[in-house]
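Survey of secondary and tertiary structure
These are the residues of each chain, in order.
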Amino acid sequence: MIFKKLAYRIFFSFQKRVALSILMIIMFFSLFSTVVDDERVIWNAAIKFESEHDECVRVLPYFNENDVEIQLYVYCDRSSGIPSELKDAAQASFGHMGWKLVWADLYNDAFKLLKVTSIEYSSGEPKRLDASQVDQIDEIINENLHVFSSHRNVTAVKPSFKVTNSVETEDACIAVYVLGKGQIPLGELAIPCTIGSYPVDIVNGFFVKTKDPNPTQEAHKQDVLRFGTSIGIKGKQSSGTLGAIVKDLNSGTFYALSCDHVMNDAVESEIIHPGLDVYLNYLHHNLNEYKGWIERIPRPPVELPPISDDILQDPAELQKKFSELKTAKAEYTTSAGYSKGSLENTTRYQETLQEAFAKEPRVIAKYLVGVRGNVRSEKNNGKKYFIDAAIAELKDDEVKNLMAKEEVEIIGTPHYPSGECASVTTDFEELEFFKSGSATGFTQSGVLVDSSYIKDSESVSNSIWTNVPCINCTQKEAAESQVRELPGPCEQCKGRNGWLERCLCIKQKGHNPFCGKGDSGAVVFGKRRNAQTGYPGCGIIFGVFQCQYYIFALMSPLEIALEVLSRKVSDMRPNSEPCKLQLVSKYNPN
């Protein structure tokens, strides 16, 4: 009887322990599920905000002492700092959740945020990786894009030499560029130390499109189009660069060549010169100079009310301000003892403004076709390259002006194109590069350093970039689907979308940038030392990548761009009539 009672006690005690264990397991998974759900909510909110605001390069959540921090990396070309309206929008999106907002101004504070450091070279001078190493590392990167995609702070990946204590060693590596080096975003793991047989080197860096410039004088006003001039979409306050004029050798049609993100709009197809924002900025700048000299006419000088930035969007308001300033000038010139030197300067600016107001941006072309995605190159073992290029058919009167001019001109230089394109398989090591862009004008001596895989932001304006065609299927994955819990189009392709593949990188020499915002669409030409003949086109500038060691200009290979554009034009024509686009070297070869 005693043994029977003891057996019952053991049995019921065992049942309790099992029940308690099951309850603990249920509670653990319930808690784990809640944490995962919370992470999903935080990530979705961060990615949604990034997708809705072009200024946001990345919006990344972190846990810091059990509190959620939202780190907002912003690039907005305002010296005054991050726009108050963006801060208000972030507060409305995240403030009610009790999350802390941390702002990073990549435009004004990039030097500090990237921890910019000068590089020393173990061999005494910069070196280039062997072609075989580049190919091997490129293949490893391409096969592991899904690994890099799982880290949303990653902005680019490329073959490189490892840098240790600001010294570039001779060890080949995979350079992984991030925002917020040393921090791991919420729910993510650390980036692997090695991938394949190569070490990983983590470097601070970020990418922006070279669009919306502070234009050079020559880029603003061209009676006859020249390579490097400012262009934009009619009615849109954004602009880029006319990289070149190309001609269809079969039909004889002339086209303007630039980036697709410069000329492509869902509604408007007319292309203008100069770009509208360039034109308005030009007026605003000259009005301020005009006002400054008017203030110095009387003795002692006076101070007129400042010209508000608010009128920058309205040509009529700018014209009204011009009339007010002319009235003030007339009043001050009637006073005794006025400054004749200041009066001469005001007259010069007044004539400039009168000419500018009388000559508004003109329509030069109509958008025809473009490409913005990864394109396979059969000439280079089927590798894919990111292409951002488009053409717009020039108006008849623009063509007549060019034919009368005969010679092709590039702003800022006597150099001229040969009409040929350098092959993507060409050894660029012996080439010196130059370009003319509407923002930075003529620049040269950049050095090509292999290619990079760039991870773009989630902004709505970049949706056509992030939704590039899936590598192994025809579906497209929305930007928001990069949240881990949401399924992609297919498991095999998940993690590859959003990568701009094998972007050619030009490293600037010295302190002057090779390109800047507003140079998108500029064609890069290559020349061999002491060559005096025409120069082949090599690529089309579409962006800038800044990191703690270098600034890279990013370009798409021109040869591949013209090939794919030719195919697209042919596909649009009745019976698929062939099209062969070529850089123009002379408008009238006869």
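Up top is the structure these notes are about.
Okay, so let's go over this structure. (Residues numbered from 1 in each chain as written. Predicted model: local features only at pLDDT ≥ 70, side-chain atom pairs only at ≥ 80, totals over all residues. Heavy atoms only, no water.)

Observations concerning the packing of aromatic side chains
We describe a pair of aromatic rings using the distance from one ring centre to the other and the angle between the two ring planes. Counted only if it meets this: Only rings of Phe, Tyr and Trp enter the pairing, Trp through its six-membered ring, and a pair is recorded when the two centres are within 6.5 Å. The plane angle decides the type: under 30 degrees is stacked, over 60 is edge-to-face, the rest tilted. For helices the rule is a DSSP run of H or I covering at least 4 residues; for strands it is a run of E covering at least 2, with both sets numbered from the N terminus onward. In this scheme, a residue with accessible area under 20% of its type's maximum is buried, one over 50% is exposed, and one in between is partly exposed, where area comes from a 1.4 Å probe on protein chains only. In this scheme, the term charge over a ring applies when either NZ of a lysine or CZ of an arginine sits within 6 Å of the ring centre and within 35 degrees of the ring normal.
Applying the stated criterion across every chain yields a total of 15 aromatic pairs. Between the aromatic rings of Phe-207 and Phe-542, the centroid separation amounts to 6.2 Å while the plane-to-plane angle is 65°, which identifies the pairing as edge-to-face. Taken as a pair, Phe-207 in strand E8 (residues 198–209) and Phe-542 in strand E21 (residues 535–547) lie far apart in primary sequence, 335 residues in all. A single burial state applies to Phe-207 and to Phe-542, both of which are buried. Aromatic pair Phe-254 and Tyr-587: ring centres 6.4 Å apart, planes at 55°, arrangement tilted. With Phe-254 in strand E12 (residues 254–258) and Tyr-587 in the segment after strand E23 (581–583), the pair connects residues that are 333 residues apart, well separated along the chain. Residues Phe-254 and Tyr-587 agree in their burial class; the two are buried. Cluster of aromatic residues (ring-pair linked, three or more members): Phe-434, Phe-442, Phe-525 and Tyr-535. Above the face of the Trp-499 ring, Lys-455 is positioned so that its terminal group lies 6.0 Å from the ring centre.

Some words on the pairing of strand E15 (residues 383–394)
Heads up, the rule is: At least two bridges found by DSSP between two strands are what make those strands a pair.
In terms of burial, E15 is largely enclosed, as 11 of its 12 residues are buried. As judged from the four bridges shared by E12 and E15, these two strands associate in the antiparallel manner. The residue bridging Ser-258 from the neighbouring strand is Ala-390, located in E15. Relative to E15, strand E14 (residues 362–377) runs antiparallel, the two sharing 12 bridges. Across the sheet, residue Ala-365 finds its bridge partner in E15, namely Leu-394. Hairpin connection, E14 to E15: the antiparallel pair is bridged by five residues, and Asn-381 has positive phi, about 60°.

Digging into the sheet that holds strand E3 (residues 100–105)
Using the following cut-off: In this description, a line fitted to the C-alpha atoms serves as the axis of each element, helices being fitted only across the stretch in contact, and the angle between N-to-C directions of two axes falls anywhere from 0 to 180 degrees. Pairs of residues are marked as contacts when any of their non-hydrogen atoms sit within 4.5 Å.
Strand order in the open sheet formed by three strands is E1-E2-E3, and the pairing between neighbours is mixed. Of all strands in the sheet, those with a lone pairing partner are strand E1 (56–64) and E3, marking the two edges. Here the strands of the sheet are splayed against their neighbours by 20° on average, with no regard to which way each runs. Pairing of E1 with strand E2 (residues 67–74), which is carried by eight bridges, proceeds in the antiparallel orientation. In the sheet register, Pro-61 faces E2, and the bridge partner there is Ile-70. Along the sheet face, helix H2 (residues 84–94) touches E1, E2 and E3 and points at about 150° away from the line of E3.

Some remarks on the sheet that holds E23
Spatially, E10-E9-E13-E14-E15-E12-E11-E23 is the arrangement adopted by the eight strands of the open sheet, whose pairing is antiparallel. For this open sheet the edge positions go to strand E10 (239–241) and E23, each flanked by a neighbour on one side alone. Averaged over all pairs of adjacent strands, the angle between their axes in this sheet comes to 40°, without regard to strand direction. Across three bridges, the pairing between strand E9 (residues 230–233) and E10 is antiparallel. By the bridge assignment for E10, Ser-230 is matched with Thr-241. Helix-sheet contacts for helix H13 (residues 558–572) involve strand E11 (244–248), E12, E14, E15 and E23, and the interaxial angle to E14 is about 110°.

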